[in-house]
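The lines below spell out each chain.
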Amino acid sequence: MKHTLFTLPLVMIVLITAILSVPAQTKERSYMVISSDASIAKYRQNQMEFSGGMIGASVEIDLARTAMDVTALQKMLDRDQPEVIYTVGSRAFLLASKVEAKAPIIFTSVVNYRRLPLINTSFGIAGELPAAMQLTLFRHFFPKLTTIGIVYSGQYNEQWFRKAAQEARKMGVRLVGRKIASPQGLTRSLATLLPQVDALWLVADPLVFSCQSAVEDIFSAADKEQVAVLTYSKAFRPFKPTLIVAVDDPTVGRQAAVLASRLVGGERPAMQVQPPAGSSILLDMAKVEQYGLQLNSTALASVNELLE
Amino acid sequence: MMLSRLIQKTVFILVVTTACLVVAATEVNKITVFYYSTETMVSNYVSLKREFDRSLASQGDFSFQPISHATTFEEVAKANPDALLLLTSWHLKKLQKEMDLFPILVGERQGQNSQSHILTTNKENQQGSDLKGVTIATAYSADFARTILLDALGRDQGFLVDSFHLLVVPKDLDALMSVRFGMAQAALSSESSFVSFQQMNPAQEGRLHVVGRGEQTLLPILASSRQILPSAQQEVVAILRHMADNVAGKHKLQMLGIDGWQSYALIGAGGER
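Residues numbered from 1 in each chain as written. Chains lettered and ligands numbered in written order. Predicted model: local features only at pLDDT ≥ 70, side-chain atom pairs only at ≥ 80, totals over all residues. Heavy atoms only, no water.

1. A closer look at the confidence of the model for chain A
Mean pLDDT over chain A works out to 91, with 91% of the residues at or above the 70 mark. Within the model, the stretch residues 13-26 of chain A combines pLDDT values under 50 with 4 contacts to residues more than four positions away or in other chains. (pLDDT = per-residue confidence, 0-100. Contact = heavy atoms within 4.5 Å.)

The structure is reproduced here in structure tokens:
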């Protein structure tokens, strides 16, 4: 009896020590991925990198190939009980947000997430780089840029412009804005703005990009004034902007995976919606030379695509 | 008739054999520079290939081949003894445990051939132990990041390092901005990137603070599995070296994060990785 009294605590100590000495391993998780359309390259990249960052069993649903309504999805969720639901694209998020799920829902590749019906358990990665990130990268490439012009509408970007101008001031950059009330005001605004600025920064604005010819007019006017165009999307590539600072899609997937790991680990992130953490850069060297811009050549290591 | 056929056959075989030997000789002289970096995730492979092929292919049967995965690079390196390898100094050391690799050139940036790696946060006076479980943004490969984190925080801090969530981003600047804008709590980057980031963000609120520093590593290294370089490899080495002599060539090197080369034999590599 005395012998048992001594050995039992000893065995317990040995067992506890053995358990504690096993290195921490990433716990296997069950998760569900719903893609609006997995044939879209950007969505595919998000999903691939997300799955690469997760360990565990997954259920993957491609809404472009599978007929799935709220009832069918609810049944799947009840059956599989995933710990996290990852949605790629607006359609996937809107469907997932209609089911009753205990698991948090993470979204990526959504245009203007502010329109989404977000609840307490919805999280995501925004589809746009914050103004300050774009400005930092503009300055990284062109440290001598001091005056940047923007044409915007008060309806869509009043607040955004004010915030961007504040951030710019901190970096020693002056943002010169021209507010338009309708697409008809674009040409006149460009005519007064372009002679005053070192570069023109294009931001997403439905009134500014009202039609294809408006985009053509912007690029043509800037080129006439020898003003570099800096923009946010590779969709502008055919118009030959000098610099494109776009969201890096593979990073978005990895970022969603980190967010998922933290959520299933019981943490609540400080931000419900995070800005994207990675950027993808296209630089047109011919334009840099044509406009006589002073390029920080060490920034060339950051370029994904160099055009000549 | 028979004799004529025999002569024809012999001539045909001779011609075919000679052609094969010429092709084989050409293949032997074809030199490819394979490139992989553990310190950046910028997917610039198409531009790098186009730019370096322009410089190399115009002067011989030489080519440049960036590779996006470490394992593929390592397999290619082992299977191609005539290739030249452009890789990080940490990766070179790792590969040297498995195969003979001899450094030829080391990259140079603004006169320096090495760089420091640092761990930064957005809070002042933080200790390594305050970072348990945080998200660290970095452009480094997971293996390399782990090595640097152990250097920076202490070799006995394996558990702390295992608790981190690693957010892999394309480049140093993305890692630093991730901390500045709240997507990560810490960043692992080169010190030179950190310095330029601080210069771009003079406002106090955006400033980051160094909490740990890893050992210095040499900039990218050009290496060969041959101790004595065959003439074709020497030609490629010369082409790469001379790229630093003109603006266009220098721009191409800058896409790799360097602006020139130093001879490895002339540097003191002691203590550097």
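2. Thoughts on the layout of surface pockets
Roughly 220 Å³ of volume is contained in the second largest pocket. Surrounding the second largest pocket, 15 residues form its lining, Arg262(A), Pro269(A), Ala270(A), Gln274(A) and Gln185(B) being those nearest its centre. Sort the elements by how many residues they give to the lining of the second largest pocket and helix α9 (residues 249-264) of chain A lands first, with 4 residues. Looking at the lining of the second largest pocket residue by residue, the class counts come to 7 nonpolar, 5 polar and 3 charged. (1 Å grid on protein atoms, 1.4 Å probe; cavity = no way out; pocket = protein on both sides within 12 Å on 5 of 7 lines; lining within 4 Å. Points joined across faces, edges and corners; volume = space filled by probe spheres on them. Helix = DSSP H or I, 4+ residues; strand = E, 2+ residues; numbered from the N terminus. Nonpolar A, V, L, I, M, F, W, Y, C, P; charged D, E, K, R; others polar.)

3. Observations concerning helix α9 (residues 231-242) of chain B
Residues and elements named next belong to chain B. Here α9 is 12 residues long and its end C-alpha atoms lie 16 Å apart, about the 16 Å a rise of 1.5 Å per residue gives. Those residues of α9 lying buried are Ala232, Gln233, Val236, Val237, Ile239 and Leu240. Here the buried residues of α9 occupy an arc of 160° about the axis, which is enough to place them on one side. Among the exposed residues of α9, those pointing more than 90 degrees away from its buried face are Ser231 and His242. (Expected span 1.5 Å × (residues − 1). Buried < 20%, exposed > 50% of the residue type's maximum accessible area, 1.4 Å probe, protein only. Arc of directions from axis to C-beta.)

4. Considering empty space enclosed by the protein
Per the counting criterion, the structure on display carries 1 cavity of 30 Å³ or more. Its volume calculated, the largest cavity comes out at about 30 Å³. Together, Lys170(A), Met171(A), Arg180(B), Asn201(B) and Ala203(B) line the largest cavity. For the lining of the largest cavity, the class distribution of residues is 2 nonpolar, 1 polar and 2 charged.

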